[in-house]
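An overview of the molecular structure
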2 protein chains.
Amino acid sequence: MKKINFYAGPAILAQEVIEEASKSALSFGDMGLSILEISHRSKEFVSVLEEAEALVRELLNVSDEYGVLFLSGGASSQFYMTAMNLLNEGDKAGYLDTGAWSSKAIKEAKLFGEIEVVASSKDKNYNYIPTGYDIPSDYKYLHLTSNNTIFGTEIFNWPETDVPFVADMSSDIFSRPLDISKFSIIYAGAQKNLGPSGVTLVIVKKDILNKVEKALPTMLKYQTHIDKDSSFNTPPVYPIYVSMLTLRWIKKNGGVAAMEKKNIEKSDLLYNEIDRNSLFEGTAAKEDRSRMNVCFLLKDEALEAEFLKDCAAAGCVGVKGHRSVGGFRASIYNAMPKAGVQTLVDVMKKFEEKNT
Amino acid sequence: MKKINFYAGPAILAQEVIEEASKSALSFGDMGLSILEISHRSKEFVSVLEEAEALVRELLNVSDEYGVLFLSGGASSQFYMTAMNLLNEGDKAGYLDTGAWSSKAIKEAKLFGEIEVVASSKDKNYNYIPTGYDIPSDYKYLHLTSNNTIFGTEIFNWPETDVPFVADMSSDIFSRPLDISKFSIIYAGAQKNLGPSGVTLVIVKKDILNKVEKALPTMLKYQTHIDKDSSFNTPPVYPIYVSMLTLRWIKKNGGVAAMEKKNIEKSDLLYNEIDRNSLFEGTAAKEDRSRMNVCFLLKDEALEAEFLKDCAAAGCVGVKGHRSVGGFRASIYNAMPKAGVQTLVDVMKKFEEKNT
Ligand SMILES: Cc1ncc(COP(=O)(O)O)c(C=O)c1O
Ligand SMILES: Cc1ncc(COP(=O)(O)O)c(C=O)c1O
Ligand SMILES: [Mg+2]
Ligand SMILES: [Mg+2]
Ligand SMILES: [Mg+2]
Ligand SMILES: [Mg+2]
């Protein structure tokens with residue numbers, strides 16, 4: 001039987017996307033070939049790429065001032081590529097430190113410019129989003145991790161500033177509408193809300209590029225991939241294809257505004273139960289609670305193994321928390337149906353009955 | 001009906017690999033999930049990665065002195081990563097220029113050291129493999145492209161030297177046995193003999209690493225991926241899985257020695273027809289003819305469109321040559337059955353009957 005997939009990433013995909021993806025792996029359209037073995041220069045794949053780009057533009061309202069790229073290397077490669085492409089030696093950029101991924105972005109960026117941490121929530125194990133910090137206007141950009149996958153916090157109020165944002169949206173892209181004009185770069189590993197692992201979406205403002213003086217390898221320049229429509233070299237064909245199917249699915253289901261509505265409902269359902277249930281408590285500050293990754297604890301740690309057993313018995317997998325937080329994490333990305341969250345809530349309710 | 005796939009890459013995969021890959025995209029083992037949505041930290045995927053590595057080691061006889069890595073970014077990322085990881089400023093390396101891919105490797109390496117082109121076959125549109133060139137012993141390595149996908153030449157006699165090789169084997173890895181001890185690094189984009197696009201195999205000698213002085217981004221150090229078993233960040237799960245299935249298939253079919261035997265038979269079959277047939281001629285020097293990419297011309301160019309039509313009618317796709325050479329290119333990687341080559345040969349024979 002199909003499990004209810006609460007993994008943090010690679011993560012749940014819509015079942016109809018999975019079925020179509022499986023079919024195309026056997027035989028793609030009327031090509032008489034598996035999509036796994038077709039040329040990236042074939043008109044059929046070029047049309048997949050074009051549709052994927054067009055859907056990103058449509059769903060997030062991205063103008064031609066931006067390039068929309070499907071790269072490889074994961075979000076982790078963007079930690080250095082962003083800084084490498086935007087900073088000359090001595091240039092300043094600000095970073096908001098809201099978790100493990102922010103910290104890694106900071107570490108890699110330091111190789112390329114003067115990196116200033118504008119604020120950090122490390123003091124409270126990253127359970128909140130700092131506010132009220134200064135953003136000097138000479139920063140080339142302010143780097144934000146919009147959703148902190150590990151710690152279950154999310155940025156709902158973007159800082160007020162004229163400094164453009166560079167944002168790691170790996171775990172909340174396409175979960176809500178965005179004002180793209182605030183961003184110089186948005187990047188996201190596909191494997192949460194967009195597709196399987198193996199491709200990274202990068203949305204990059206064109207006029208910020210080509211200002212660094214150092215010579216970069218061709219593959220590491222965004223301009224290369226803009227000029228060649230993400231096909232300078234062989235792109236990850238299948239991960240891009242499955243991402244395109246997911247983008248179609250998002251559009252068919254009402255776009256990112258509809259996703260946001262559903263995500264609010266689903267996360268409210270789960271957080272309300274966490275708050276109501278006498279055995280559980282949430283870990284993140286209420287106003288910063290992520291709609292994607294819901295982190296919570298059993299007040300009595302000794303009950304953890306039993307709760308995970310009950311989850312498994314109900315078909316819920318991936319609920320164990322990340323070691324940095326402990327307890328539990330239910331990742332409820334776009335593709336998680338409300339019924340899946342309800343099943344988990346029911347397990348929590350029964351668990352309370354059993355244990356009080 | 002299933003086409004006979006002569007594309008240069010992404011390229012033909014064994015039909016049983018395709019069928020298993022499609023099944024797992026729907027539902028993987030007894031996990032109750034698609035392999036597209038499982039965690040890269042799950043024991044099931046860790047076991048895929050371990051089996052893939054073990055099969056590479058077994059099939060190519062790779063000792064523990066080497067790391068076996070599954071990276072992303074394509075072979076094109078290895079053009080700079082190899083040089084970046086091995087050369088300090090001022091260090092020398094030699095490059096054999098045997099085609100478009102060698103030339104790109106040279107271009108990227110020049111950012112990191114003193115790159116000397118030991119010989120080039122550019123004078124004859126890369127239709128042969130140069131020999132008899134000098135290899136100064138102070139080179140850190142000699143870079144070779146073992147098979148030139150575009151120009152249809154392949155290195156069968158490795159240069160006699162104590163300088164270790166760095167080799168781009170994107171289009172002939174696993175097509176024949178290798179003496180690994182001659183190599184510091186072997187790299188190969190998966191999408192010819194190994195799997196779908198989206199993963200790159202790198203075999204790297206451990207004791208050559210960590211000798212460069214410059215600070216590198218974490219993701220760009222081979223050591224990072226050795227230390228973390230190719231899972232420092234989220235690896236391309238599905239491309240690795242399909243590659244593992246292909247490695248299993250190679251083993252089941254007798255390993256790389258059996259592949260070589262079959263590849264000799266298949267390429268002999270096709271080259272013999274090219275030579276015999278009065279209408280066609282090969283483009284590569286006979287002694288350097290690739291067993292993977294067979295490039296040939298119609299003496300009368302005016303017949304090209306008709307020949308491609310006949311190929312298509314017989315179910316043969318991907319036969320059109322690369323624009324750098326013109327004419328035709330039949331890529332006959334491991335997964336191409338002899339019967340597929342025979343079909344193409346039959347088309348050529350009938351084409352001769354019709355046109356003489
Ligand atoms: C917010 C965030 N950023 C970056 C990463 C790293 O992504 P990747 O594994 O694709 O390099 C992750 C992975 O989970 C993440 O959640
Ligand atoms: C010999 C060789 N090297 C390198 C490449 C580039 O590989 P990728 O597209 O994976 O970057 C190719 C691609 O066809 C190739 O045939
Ligand atoms: Mg985090
Ligand atoms: Mg409670
Ligand atoms: Mg070539
Ligand atoms: Mg002839």
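Each chain has its residues counted from 1, running along the sequence as written. Numbering of ligands from 1 and lettering of chains from A proceed in the order in which they are written. In keeping with the model being predicted, local features are shown solely for residues with a pLDDT of at least 70 and side-chain atom pairs are shown and tallied solely at 80 or more, while totals for entire chains, interfaces and linings include all residues. Working from all heavy atoms in the structure, the side-chain values ignore hydrogens and water.

We now examine the domain arrangement of chain A. Residue and element names in this part refer to chain A. Boundary definitions for the domains trace back to an automatic or database domain assignment. For chain A, the assigned domains are domain 1 (15-252) and domain 2 (254-355). A C-alpha centroid distance of 27 Å is found between domain 1 and domain 2. Listed by partner, the interface residues are 26 residues for domain 1 and 27 residues for domain 2. Each of two parts loses accessible area, computed with a 1.4 Å probe, when they are put together; buried area is these two losses added. For domain 1, the biggest contributors to the area lost against domain 2 are I150, F156 and W249; these three give 23% of the whole. Polar contacts here mean pairs of N or O atoms no more than 3.5 Å apart (in protein, one a potential hydrogen donor and the other a potential acceptor; neighbouring residues in sequence count only if both atoms are side-chain atoms). Between the two partners, domain 1 and domain 2, sit 17 residue pairs in polar contact (both at pLDDT 80 or more). Across the side of domain 1 that touches domain 2, the residue classes tally to eleven nonpolar, nine polar and six charged. Residues are treated as being in contact if the distance between any of their heavy atoms lies within 4.5 Å. Polarity classes work like this: nonpolar for Ala, Val, Leu, Ile, Met, Phe, Trp, Tyr, Cys and Pro, charged for Asp, Glu, Lys and Arg, and polar for all others, with Gly in that last group.

Next up on the list: the environment of B:D64. All names here are of chain B. Locating D64 in the fold gives a position in the loop between helix 2 (43-60) and strand 2 (66-71). When accessible area is computed with a 1.4 Å probe and restricted to protein chains, residues below 20% of their type maximum are described as buried, those above 50% as exposed, and intermediate ones as partly exposed. A relative accessible area of 60% places D64 in the exposed class. Between the alpha carbons of D64 and Y241 there is a distance of 22 Å; along the sequence they are 177 residues apart. Non-local contacts of D64, meaning those with residues more than four positions away in its chain, are made with R57 and K206. Numbering of helices and strands runs from the N terminus; a helix is a DSSP stretch of H or I covering at least four residues, while a strand is a stretch of E covering at least two.

Further remarks concern the relation of the copies chain B and chain A. One copy of the chain maps onto the other through a rotation about an axis plus a displacement along that axis. Superposing chain B onto chain A requires a rotation of 180° together with a translation of 0.0 Å along the rotation axis, leaving an RMSD of 0.0 Å. Such a turn and shift between the copies fits a two-fold axis. By C-alpha distance to the rotation axis, the residue of chain B lying nearest is B:S22, at 2.4 Å. Comparing interface residues between copies, 100% of those in chain B also lie at the interface in chain A; the contact surface is shared. The copies are overlaid by a least-squares fit using only the C-alpha atoms of residues whose pLDDT is at least 70 in both copies.

Relative to the 16 Å expected for twelve residues at 1.5 Å per residue, helix 1 (residues 15-26) of chain B spans 17 Å between its end C-alpha atoms, a close match to the ideal helical length. Within the sequence span of helix 1 of chain B, burial applies to B:V17, B:I18, B:A21, B:S22, B:S24 and B:A25. Relative to the axis of helix 1 of chain B, the buried residues are bounded by an arc of 165° and lie together on one face. Along its buried surface, helix 1 of chain B packs onto helix 1 (15-26) and helix 6 (237-252) of chain A together with helix 6 (237-252) of chain B. Working rule for helices: expected span equals 1.5 Å times residues minus one. Note that the arc is defined by the directions from the helix axis to the C-beta atoms.

Another point: the side chain of A:N148. Looking at where A:N148 falls in the secondary structure, it is placed in strand 6 (residues 147-148). Residues in contact with A:N148, not counting those within four places in the same chain, are A:T98, A:G99, A:S102, A:I129 and A:T153.

Turning our eyes to something else, we now look at the coordination of the magnesium ion (ligand 6). Residues and elements named next belong to chain B. Think of the donor list as every N, O and S atom within 2.8 Å of the metal, or within 3.2 Å for Na, K and Ca; water never makes the list, so a site can look incomplete. Of the protein atoms, only I274 (O), N277 (O) and F280 (O) coordinate the magnesium ion (ligand 6), at distances of 2.2 to 2.4 Å. The sequence pattern describing where the donors of the magnesium ion (ligand 6) fall on their chain is I-x2-N-x2-F. The pair formed by I274 and F280 is uniform in burial state, with each residue classed as buried.

Residues and elements named next belong to chain B. Extensive coverage of strand 10 (residues 200-205) is indicated by the burial of six of its six residues. Strand pairing is assigned whenever DSSP identifies at least 2 bridges connecting the two strands. In this structure, strand 2 lies alongside strand 10, joined through six bridges in antiparallel fashion. The residue of strand 10 that forms the bridge with V68 is I203. Direction of pairing for strand 9 (residues 183-189) relative to strand 10: antiparallel, over a ladder of five bridges.

Another point: the UniProt feature "modified residue: N6-(pyridoxal phosphate)lysine" (unreviewed entry) in chain A. Residues and elements named next belong to chain A. UniProt positions are given in the numbering used here, feature names are shortened, and annotations may be inferred rather than shown by experiment. Per the UniProt record, "modified residue: N6-(pyridoxal phosphate)lysine" (unreviewed entry) is annotated on K192. The residue K192 is located in the loop between strand 9 (183-189) and strand 10 (200-205) in this model. Ignoring any residue separated from it by four or fewer positions in sequence, one finds K192 in contact with A8, G9, A11, I12, T149, S170, S171 and Y333.

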